[in-house]
Every structure is written in structure tokens, then in C-alpha cells.
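Overview (structure and organization)
Single-letter residue listing:
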Amino acid sequence: MFTFSVVGAQLYYGDMLYIMVSFLILMWLIKVLAWKPITKMMKDRSDKIANDIDSAEKSKADASKLASQRQAELANTRQEATGIINDAKQTGQKQHDQIIEDAHNDAANMKIAAEKDIEQQRQEALANSKKDVASLSIDIASKIITKELNADDQKALIDSYIEGLGKPNESR
């Protein structure tokens, strides 16, 4: 059927036309059946790779942004914790100072009250002892000197003597 002979160097236009039409039909069939699906598959693959790259870049940017936010929050939390600790220390120190000051004030007040009580008790004891000494002296003096001094003179004598006793380190 397809015989080419070089014998007469004649071209057979019918064969050539048949080969061209067959070639064009074959190219059209390849285009429809193979080329379009292959190019579609390659385009889909290219789009998928591009989307994956974009998605990876977006994920990386989001991760970087999230990491920086967490670092900022961590630094902020550390500052807040440091502030809270410092406030607690200051409050504790103020309470410590206030407690010590209150304790000193209470001790001073107790000391003053105790000194007042001691002085009052001393005065009462001294007054009681004066009365006791006066009555004992009057009783003793009346027994010793019954008629020489009256009771008022004896009491005045004893009071002056007791007043001399109440003054510390005076010569008698």
C-alpha cells in the first residue's frame, strides 16, 4: 500500500495527503485523549504545590506571630508577678513595721501604767504605814506617857516624824 520507490522520483500526492490527514487525526486524538488530561494533571499538581507552599508560609507566619504573642504575654506575666511580689514585700514590711511599732507603744503604755500602779500602791502603802505607825505610836506613847501629852500633840509629833521618814536619804 505505501510503497515508495525512488525509481522515478515521483511523489504520490494521495499518499502524502493520506499521511498528513492521518497525522493530524493522530495529533488531535493525542491532544483530546492524552494532552489535555496530562496538562490538567500537571496544572492541578502545580496548583496543589503552590497552595501547599502558601499554606506552609501562612502557617509559619501564624506560628511566628503566635510565638511572639506568647513571648510578650510571658514577659508581661513576669512583670506582673514581679510587681505582685514587690507589692507583697512592701505590704509585709509595712505590716512588720506597724506590728513592731504597736508592740513598742503597747510596751511603753504598759510600763507607764505599771509605774503609775506602782506609785499609787507605794503611796497607798506609805499612807497606810503612816496611819499604822501613827496609831501604834499614839498607843505606845499613851502607855508610856499617859498624862504628859494630849492626843493632838502626840499626833502632830508623830506626823512630823513620819514625814521625815518619807523623805529619802535625809539626815534625821
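For the structure, see preceding data.
Residues numbered from 1 in each chain as written. Predicted model: local features only at pLDDT ≥ 70, side-chain atom pairs only at ≥ 80, totals over all residues. Heavy atoms only, no water.

1. A few points about the overall build of the protein
Summing up its helical and strand segments, the protein has two helices and zero strands in all. Here the protein, with 172 residues, has 3% of them falling under the buried criterion. Total accessible area computed for the protein in this model is approximately 15400 Å², and 61% of it derives from carbon and sulfur atoms. (Helix = DSSP H or I, 4+ residues; strand = E, 2+ residues; numbered from the N terminus. Buried < 20%, exposed > 50% of the residue type's maximum accessible area, 1.4 Å probe, protein only. Areas by Shrake-Rupley, 256 points an atom, 1.4 Å probe, with all protein chains shown as cover.)

2. Some points on the pattern of salt bridges
Scanning the model with the defined rule gives four salt bridges in all. Linking Lys 43 and Asp 47 is a salt bridge whose minimum nitrogen-to-oxygen distance equals 3.7 Å. Of this pair, Lys 43 and Asp 47 are both found in helix H1 (residues 13-144), four residues apart, which corresponds to roughly one turn of the helix. Residue Asp 47 is classed as partly exposed on the basis of its relative accessible area, which comes to 33%. Its salt-bridge partner being Arg 122, residue Glu 119 comes within 3.2 Å of it at the nearest N-O pair. Of this pair, Glu 119 and Arg 122 both sit in helix H1, three residues apart, which is roughly one turn of the helix. The exposure class assigned to Arg 122 is partly exposed, which follows from its relative accessible area of 44%. (Salt bridge = Lys/Arg side-chain N within 4 Å of Asp/Glu carboxyl O.)

3. Quick notes on a negative patch on the surface
Judged by side-chain charge, Asp 97, Glu 101, Asp 102 and Asp 106 come together as a negatively charged surface patch. What makes Asp 97 partly exposed here is its relative accessible area of 40%. (Patch = residues over 30% accessible without salt bridge, like charges linked within 9 Å, V, L, I, M, F, W, Y side chains within 5 Å. Lys, Arg positive; Asp, Glu negative; His and termini not counted. Charge placed at Lys NZ, Arg CZ, Asp CG, Glu CD.)

4. Things to note about a nonpolar patch on the surface
On the surface, a cluster of nonpolar side chains totalling about 680 Å² of accessible area is made up of Leu 17, Val 21, Ile 25, Trp 28, Leu 29, Val 32 and Leu 33. Relative to the assigned elements, Leu 29 resides in helix H1. Taking the relative accessible area as the measure of exposure, Leu 29 reaches 35% and is therefore partly exposed.

Function cannot be read off these values alone, since they describe shape.
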